[in-house]
Amino acid sequence: MARRWTGDVFSAKTGIHRAAAPGDAMTEAASHSSVYFFPHIPKTAGQTIRLHLAEHCASGTFLHVARPGSSERLLGRRGGAFDPAKLRALAGHYLSQSYETYFPGRDIRRAVLLREPIDLQLSLYNFRMMSNLARGLGTYSFDLHLRSSPRNFMAHHLLGRWLGLRWLRAA
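Caption draft 1: Up close: the nonpolar core. Residues Val 35, Phe 37, Leu 63, Val 65, Leu 87, Leu 90, Leu 95, Tyr 99, Tyr 102, Phe 103, Ile 108 and Trp 162 constitute the largest nonpolar core, which totals 12 residues. The residues touching Ile 108, leaving out its near neighbours within four places in the chain, are Val 35, Phe 37, Glu 100 and Phe 103. Residues Cys 57, Phe 62, Ala 89 and Ala 91 belong to the second largest nonpolar core, which totals 6 residues.

Caption draft 2: Expanded view of the environment of Ser 149. With respect to the helices, strands and loops of the structure, Ser 149 is situated in the loop between α4 (142–148) and α5 (153–162). Look past the residues within four positions of Ser 149 in its chain and what remains in contact with it is Gln 121 and Arg 128. Polar contacts involving the side chain of Ser 149 include one to the main-chain carbonyl oxygen of His 145, which spans 2.8 Å.

Caption draft 3: Examining α5 more closely. What α5 keeps buried is the set Phe 153, Met 154, His 157, Gly 160 and Trp 162. Within α5, the buried residues cover an arc of 160° as seen down the axis, which keeps them to one side. Looking at the packing, one finds that the buried side of α5 touches β3 (35–39), β6 (108–110) and α3 (117–134). Just downstream of α5 lies Gly 164, where phi reads positive at about 75°.

Caption draft 4: The arrangement of the pairing of strand β5 (residues 89–92) in detail. Residues Ala 89 and Ala 91 line one face of β5 and the alternating positions Leu 90 and Gly 92 line the opposite face, and both faces are buried. Two elements, β3 and β5, share 4 bridges in a ladder whose sense is parallel. Directly across from Phe 37, in β5, lies its bridge partner Leu 90. By the bridge criterion, 3 bridges tie strand β4 (residues 62–64) to β5 in an arrangement that is parallel. For Leu 63, the partnering residue across the bridge sits in β5 and is Leu 90.

Caption draft 5: Layout of the sheet that holds β3. With parallel pairing, 4 strands are arranged side by side in an open sheet as β4-β5-β3-β6. Unpaired on one side and paired on the other, β4 and β6 mark the two borders of the sheet. Mean inter-strand twist for the sheet, computed between neighbouring axes without regard to direction, equals 15°. Along the sheet, helix α1 (residues 46–56) makes contact with β3, β4 and β5, crossing β4 at roughly 145°.

Analysis parameters
- Residues numbered from 1 in each chain as written.
- Predicted model: local features only at pLDDT ≥ 70, side-chain atom pairs only at ≥ 80, totals over all residues.
- Heavy atoms only, no water.
- Core = buried A, V, L, I, M, F, W, Y, C linked by side-chain atoms within 4.5 Å.
- Buried < 20%, exposed > 50% of the residue type's maximum accessible area, 1.4 Å probe, protein only.
- Contact = heavy atoms within 4.5 Å.
- Helix = DSSP H or I, 4+ residues; strand = E, 2+ residues; numbered from the N terminus.
- Polar contact = N/O pair within 3.5 Å; in protein donor to acceptor, adjacent residues only side chain to side chain.
- Arc of directions from axis to C-beta.
- Pairing = 2+ DSSP bridges.
- Axes fitted to C-alpha atoms, helices over the stretch in contact; angles between N-to-C directions.

Below is the structure:
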């Protein structure tokens with residue numbers, strides 16, 4: 001049976017963090033515990049991370065940010081489905097730093113998984129070609145894929161989705 005993640009326990013004596021075990025006292029400090037943000041870059045194990053968090057986090061403590069703005073409605077002040085005080089982890093392609101405003105006074109911890117750039121591009125290309133074929137569309141060369149992609153795909157994605165910045169094109 002999988003143990004649910006309900007929070008961290010930190011021992012000042014040993015300096016060790018561990019997941020809270022069932023029966024650990026949940027105090028008022030739980031609402032001030034760390035919140036983990038996992039902005040997801042496509043083709044960098046995002047589904048694996050999402051499924052792991054969904055399986056191992058206690059109910060109501062994990063939020064997958066699936067579409068732009070969708071989770072902001074779920075966190076809304078008027079009876080949102082998720083209580084920000086209980087959330088411990090957020091992940092997804094559309095997670096941006098703007099979500100940090102829902103957690104005033106809480107420690108925000110951010111983690112991004114990166115992938116070797118050529119492996120990422122091969123995986124992204126294969127994904128796109130299989131998607132095109134499944135929809136009855138044509139394919140194109142890997143060379144064209146690379147030429148049409150941003151030079152640094154991961155940085156471009158983080159700047160656009162996490163920071164909300166768009167690339168400026170030099171004239």
